[in-house]
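Descriptive structure summary
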Amino acid sequence: MSFYLYNELATYTIKKTGAVTQSVANTAKRVLVLVFMSAVTGKALTTEQKIGATIAIAFVMLYSVIDMLVKKMKEKMV
């Protein structure tokens, strides 16, 4: 039942935002789960995991900023 609800939510999100945004959000979710579970279990992240998480978070933020700027530019053109 949980997996079904997860798929329903994912489909709804894609309809409202778009496939690229859903993909970026999914990447961010994976990184956040990795960091959260590391904190909960007390297991230290390896250097590779830290670098990967940093890169993923940075590019998710970069995508969000660019997406916001593009939307503002489109609104000004209309």
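Computed from a prediction, not measured in an experiment: that's the story for all the values here.

Here we take up the packing of aromatic side chains. Using the criterion set out here, one finds 1 aromatic pair in the structure. Consider the rings of Phe3 and Tyr6, whose centres lie 6.5 Å apart with planes at 25 degrees: the pair is stacked. Of this pair, Phe3 and Tyr6 both sit in helix H1 (residues 2-17), 3 residues apart, which is roughly one turn of the helix. A residue is classified by how much of its surface remains accessible, and Phe3, at 59% relative accessible area, is exposed.

On to the packing of helix H2 (residues 19-41) against helix H3 (residues 47-77), then. Where H2 meets H3, the axes come as close as 10 Å, and the angle between the chain directions of the two elements is 145 degrees. Once H2 is placed against H3, the crossing between them reads as left-handed. Contacts between H2 and H3 involve Val20, Thr21, Val24, Thr27, Ala28, Val31, Leu34 and Val35 from the first element and Gln49, Ala53, Ala56, Ile57, Val60 and Tyr63 from the second. Per-class residue counts for the contact of H2 with H3 are 11 nonpolar, 3 polar and no charged.

Next up on the list: the pattern of salt bridges. What the rule picks out here adds up to 1 salt bridge. A salt bridge links Lys71 to Asp67; its shortest N-O distance comes to 3.6 Å. Of this pair, Lys71 and Asp67 both sit in helix H3, 4 residues apart, which is roughly one turn of that helix.

To continue, consider the environment of Val31. Here Val31 shows up in helix H2. Judged by its relative accessible area of 9%, Val31 is buried. In sequence terms Val31 and Lys50 are 19 residues apart; their C-alpha atoms lie 9.7 Å from each other. Once residues lying within four places of it in the same chain are set aside, the contact partners of Val31 are Ala53, Ala56 and Ile57.

Interaxial distance between H1 and H2 falls to 7 Å at its minimum, and their mutual angle equals 130 degrees. Considering the angle they form, H1 stands oblique to H2. Here Tyr6, Ala10, Thr13, Ile14 and Thr17 of H1 lie close against H2, whose contacting residues are Ala19, Thr21, Gln22, Asn26 and Lys29. Grouping the amino acids of the contact of H1 with H2 by side-chain chemistry returns 4 nonpolar, 5 polar and 1 charged.

Basis of the calculations
- Residues numbered from 1 in each chain as written.
- Predicted model: local features only at pLDDT ≥ 70, side-chain atom pairs only at ≥ 80, totals over all residues.
- Heavy atoms only, no water.
- Phe/Tyr/Trp six-rings, centres within 6.5 Å; stacked < 30°, edge-to-face > 60°.
- Helix = DSSP H or I, 4+ residues; strand = E, 2+ residues; numbered from the N terminus.
- Buried < 20%, exposed > 50% of the residue type's maximum accessible area, 1.4 Å probe, protein only.
- Axes fitted to C-alpha atoms, helices over the stretch in contact; angles between N-to-C directions.
- Left-handed = near helix turned anticlockwise from the far one by under 90°.
- Contact = heavy atoms within 4.5 Å.
- Nonpolar A, V, L, I, M, F, W, Y, C, P; charged D, E, K, R; others polar.
- Salt bridge = Lys/Arg side-chain N within 4 Å of Asp/Glu carboxyl O.
- Parallel < 35°, antiparallel > 145°, perpendicular 65-115°, else oblique.

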